[in-house]
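Spelled out from the first residue to the last, the chains are:
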Amino acid sequence: MAAIGGEDNFESEAVGLGCALELFKEHEEVAQIIKRLPDVYRDSAILDITYERFIYILSQYQEQPHLLDPYLDTLLENLLNIGRDSSFPVGLRHKAFQFLYIVTKVRNYKVVVRHLPHEVADVEPVLSLLAEQDPFDHETWETRYILLLWLSIIVMIPFHMGRLDSNNKFNEGQKKPIMERISDVIKLYLSVGDKVQDAAAFLAARFITRPDVKEVHFFSFLKWTLKILERDVSSMNGLNLQAGVLAALALLFKHGKREDVKGYGIEILKKVLGCSLIDSKSTVVRKMVLKLIQRIGLSFLPIKVSAWRYNRGSRSLIANLAAAHLLLPVNQGKNEYEEHKSEKDYELPDEMEDIIEQLLCGLRDKDTVIRWSAAKGIGRITGRLPEVLSGDIISSVLELFSFREKDSAWHGGCLALAELGRRGILLPQYLEKVVPVVLKALVYDEIRGNFSVGAHIRDAACYVCWSFARAYSPEILKPYVMEIAGALLITSVFDREINCRRAASAAFQENVGRQGTFPHGIDIVTAVDYFSVGSRTKSYLKLSAYIAQFPEYTVPLINHLLKRKVQHWDTSIRELTAQTLYNLTSTAPKLMVEVALPELIPLTKDIDLCARHGGILAVAQITHALANYAKSNNQKIQGIVGAELIREIQNIPAILMEKKLFRGIGGELMPCCLCTN
């Protein structure tokens, strides 16, 4: 146990250190690790230690990967020199590519690929290395992944690919032309069901969209992909190939020129919908279908951003904080929102209706990754539509927030609202309808047997509130400030899940910085931070008491405990709720007497065990706190609570005995909670 605790402390220190780093201080040590790699390869134990040390050093820069940039060229060059040197053992070369993958994972492949060497002389060696690889060797996939990424930057050289062949005519006994060899590599690795498939799809998008390659291979490649999509697959290899083809097509529509891909959009869309790929049992296939559909939809729409979108203007944090401290007016820029009346009408293809319908259905999908992809697609496409059509989409999204819908629809709806909000598509006039459903999502908790569902919805609702902070000016959000602030603080301290508490804390902090209108925002942010809300007990017993001292939040905190947490399904939450009510009683004794106790006493006789147990615990703790409060003020509790309420509290054990509630499933809980205080 000590070892485990020590490891946790070590990791937390590493995270804290990583957040404070300013330079890549270990660059010399990393350079020495790479330099000694051929020597330590002979000893497997030392090699494993070296590899783990390399991973540990780079993992510290996961949140600040840009610090690696000054040394990135040197790192990549030294590792590539080992990886492509045929004089080294094959295992050592694979290990060098594993090190390269760690660098790529930390810095992101889109940045790393720009630093890889890309000369004409590199084409043949990389293709030869790929030809030596086993596509289905799961222990060396990093090698193939890096080689495909390397090839994706090499194919961007500004020379005609046909000139790279010593003999353009294909004769028996000679190698195929470079174009065909690269095309064969792409088709081969699109069928591999690991990370290599992503690199192959990226390579396909870069290679097929080249002007010289497009003339020869673009149509044939699309024809090949459509044949793959038509197959009735049931094996895993078939599903992997479908997913790879869909990923490649999605990237083609993303990186290709609009005039090149637009003409093929309708045909591909009909094929995808006609083959019912959206109903595939594979999550990856369904995700790639949605990505492809939204990219096809974007190719149908003008690239110019719609002028009707809401533009907040200046978003200076310094100005917001100055306004919060010195009560200065915040300059939010000119023309924050003005209805665009001269928007040109343009015709949309009939297929856009099918695309939007599929994306809206994707918001209800059972898998989170698909809902997330659908939400981003909704945001991208809605931003290019006329204002009238965007209003229809927003109305359709709001229809997801119905208690007839499953939790997946609520989660997808929250993600869609956040995407619409942060892109300026959720115009201010929609806030009147949006804010109430977001507040409901922040407390969504549906009981299913001995557990509940709703943590992912509450987390997504926090993301919506976070997007509001960046999207709207303080004047627009001012009517909803108290509701949003109270709901976020309630989630920050009273949510059962740590990720929801931290998400709410981050959203509150973002609103304090961007809006500057949240009451006592600076004081609360310093106390209710990311690390403080990590402990559930501390959040309930200490942070809630600190927040409750501010009058604006006292009543919302207590009301939430009474309505949501007293009869919670989790016993530990009910116990913490009762203790929290004890701490908050001195802050609002009148509220406890006039509101809390009259609501809680009927719960003590409820047939539901959770409600009965929580009600008795809460009544006991509040009564005890009121007794201490009366004693400190030289009063008697009868004068504060009243004789009638005291009589009802005293009769609770007799009523439970009369109803025989000490027996059965609640026989263990009732005696314990009745003996509280």
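Here's a quick rundown of the structure. (Residues numbered from 1 in each chain as written. Predicted model: local features only at pLDDT ≥ 70, side-chain atom pairs only at ≥ 80, totals over all residues. Heavy atoms only, no water.)

## Details of the overall build of the protein
Moving on, step 1. Of the regular secondary structure elements, the protein holds 35 helices and two strands.
Moving on, step 2. The long-range fraction of contacts in the protein, counting pairs at least 24 apart against all pairs at least 6 apart in sequence, stands at 73%.
Moving on, step 3. On the protein, roughly 32500 Å² of surface is accessible, and the fraction owed to carbon and sulfur atoms is 53%. (Helix = DSSP H or I, 4+ residues; strand = E, 2+ residues; numbered from the N terminus. Contact = heavy atoms within 4.5 Å. Areas by Shrake-Rupley, 256 points an atom, 1.4 Å probe, with all protein chains shown as cover.)

## Concerning the pattern of salt bridges
Moving on, step 1. The tally for this structure, following the rule as stated, stands at 24 salt bridges.
Moving on, step 2. Here Asp407 makes a salt bridge to Arg448, at a shortest N to O gap of 2.8 Å. On the criterion of sequence distance, the pair formed by Asp407 in helix H20 (residues 407-422) and Arg448 in strand E1 (residues 446-448) is long-range, its members being 41 residues apart.
Moving on, step 3. With a shortest N-O distance of 3.8 Å, Arg458 and Asp445 are connected by a salt bridge. With Arg458 in helix H22 (residues 455-471) and Asp445 in the loop between helix H21 (431-441) and E1, the pair connects residues that are 13 residues apart, well separated along the chain.
Moving on, step 4. The class for Arg458 is buried, based on a relative accessible area of 7%. (Salt bridge = Lys/Arg side-chain N within 4 Å of Asp/Glu carboxyl O. Buried < 20%, exposed > 50% of the residue type's maximum accessible area, 1.4 Å probe, protein only.)

## Quick look at the packing of helix H12 (residues 211-230) against helix H14 (residues 258-274)
Moving on, step 1. Here H12 crosses H14 at 10°, and the two axes come no closer than 11 Å. Of the possible angle classes, the one that applies to H12 and H14 is roughly parallel. Mapping the contact onto sequence places Lys214, Phe218, Phe219, Leu222, Leu226, Leu229 and Glu230 in H12 and Asp260, Val261, Tyr264, Glu267, Ile268, Lys271 and Val272 in H14.
Moving on, step 2. Partitioned by chemical class, the residues of the contact of H12 with H14 number nine nonpolar, no polar and five charged. (Axes fitted to C-alpha atoms, helices over the stretch in contact; angles between N-to-C directions. Parallel < 35°, antiparallel > 145°, perpendicular 65-115°, else oblique. Nonpolar A, V, L, I, M, F, W, Y, C, P; charged D, E, K, R; others polar.)

## Some remarks on the environment of His255
Moving on, step 1. For His255, the location among the structural elements is in helix H13 (residues 236-255).
Moving on, step 2. It is 9.9 Å that separates the C-alpha atoms of His255 and Ile208, two residues lying 47 residues apart in sequence.
Moving on, step 3. Among residues more than four places away in sequence, those in contact with His255 are Phe202 and Ala205.

## Notes on the packing of helix H9 (residues 141-154) against helix H11 (residues 196-208)
Moving on, step 1. One way to put it is that H9 packs onto H11 with a least axis distance of 9 Å and a crossing angle of 10°. Taken together, the axes of H9 and H11 are roughly parallel relative to one another. Crossing geometry of H9 relative to H11 is assigned as left-handed. Between H9 and H11, the residues in contact are Trp141, Arg144, Tyr145, Leu148, Leu149, Leu151, Ser152 and Ile153 and Val196, Ala199, Ala200, Phe202, Leu203 and Arg206, respectively. (Left-handed = near helix turned anticlockwise from the far one by under 90°.)

## Some remarks on H20
Moving on, step 1. Taking 1.5 Å per residue as the helical rise, H20 with its 16 residues ought to reach 22 Å, and the 23 Å between its terminal C-alpha atoms agrees with that figure.
Moving on, step 2. Burial of H20 is extensive: 15 of the 16 residues sit out of reach of the surface.
Moving on, step 3. In the stretch just after H20, Gly424 is the one whose phi turns positive, near 80°. (Expected span 1.5 Å × (residues − 1).)

## Brief notes about the side chain of Ser183
Moving on, step 1. Residue placement: Ser183 occurs in helix H10 (residues 178-189).
Moving on, step 2. On the accessibility criterion, Ser183 (6% relative accessible area) is buried.

## Examining a negative patch on the surface
Moving on, step 1. A cluster of acidic side chains, namely Asp350, Glu353, Asp354 and Glu357, defines a negative patch on the protein surface.
Moving on, step 2. Secondary-structure assignment places Asp354 in helix H17 (residues 351-362).
Moving on, step 3. For Asp354, a relative accessible area of 34% corresponds to the partly exposed category. (Patch = residues over 30% accessible without salt bridge, like charges linked within 9 Å, V, L, I, M, F, W, Y side chains within 5 Å. Lys, Arg positive; Asp, Glu negative; His and termini not counted. Charge placed at Lys NZ, Arg CZ, Asp CG, Glu CD.)

## Overview of the packing of aromatic side chains
Between two aromatic rings, the relevant description is the distance of the centres plus the angle of the planes.
Moving on, step 1. Following the criterion strictly, the structure yields 21 aromatic pairs and no others.
Moving on, step 2. Ring plane angle 45° and centroid distance 5.4 Å describe the contact between Phe403 and Trp410, whose orientation is recorded as tilted.
Moving on, step 3. Accessibility expressed as a relative area gives 68% for Phe403, which makes it exposed.
Moving on, step 4. Judged by its relative accessible area of 1%, Trp410 falls in the buried class.
Moving on, step 5. Ring geometry for Tyr546 and Phe550: centres 5.6 Å apart, planes at 90°, overall edge-to-face.
Moving on, step 6. The structure contains a cluster of three or more aromatic residues connected by ring pairs, namely Phe401, Phe403, Trp410 and Tyr444. (Phe/Tyr/Trp six-rings, centres within 6.5 Å; stacked < 30°, edge-to-face > 60°.)

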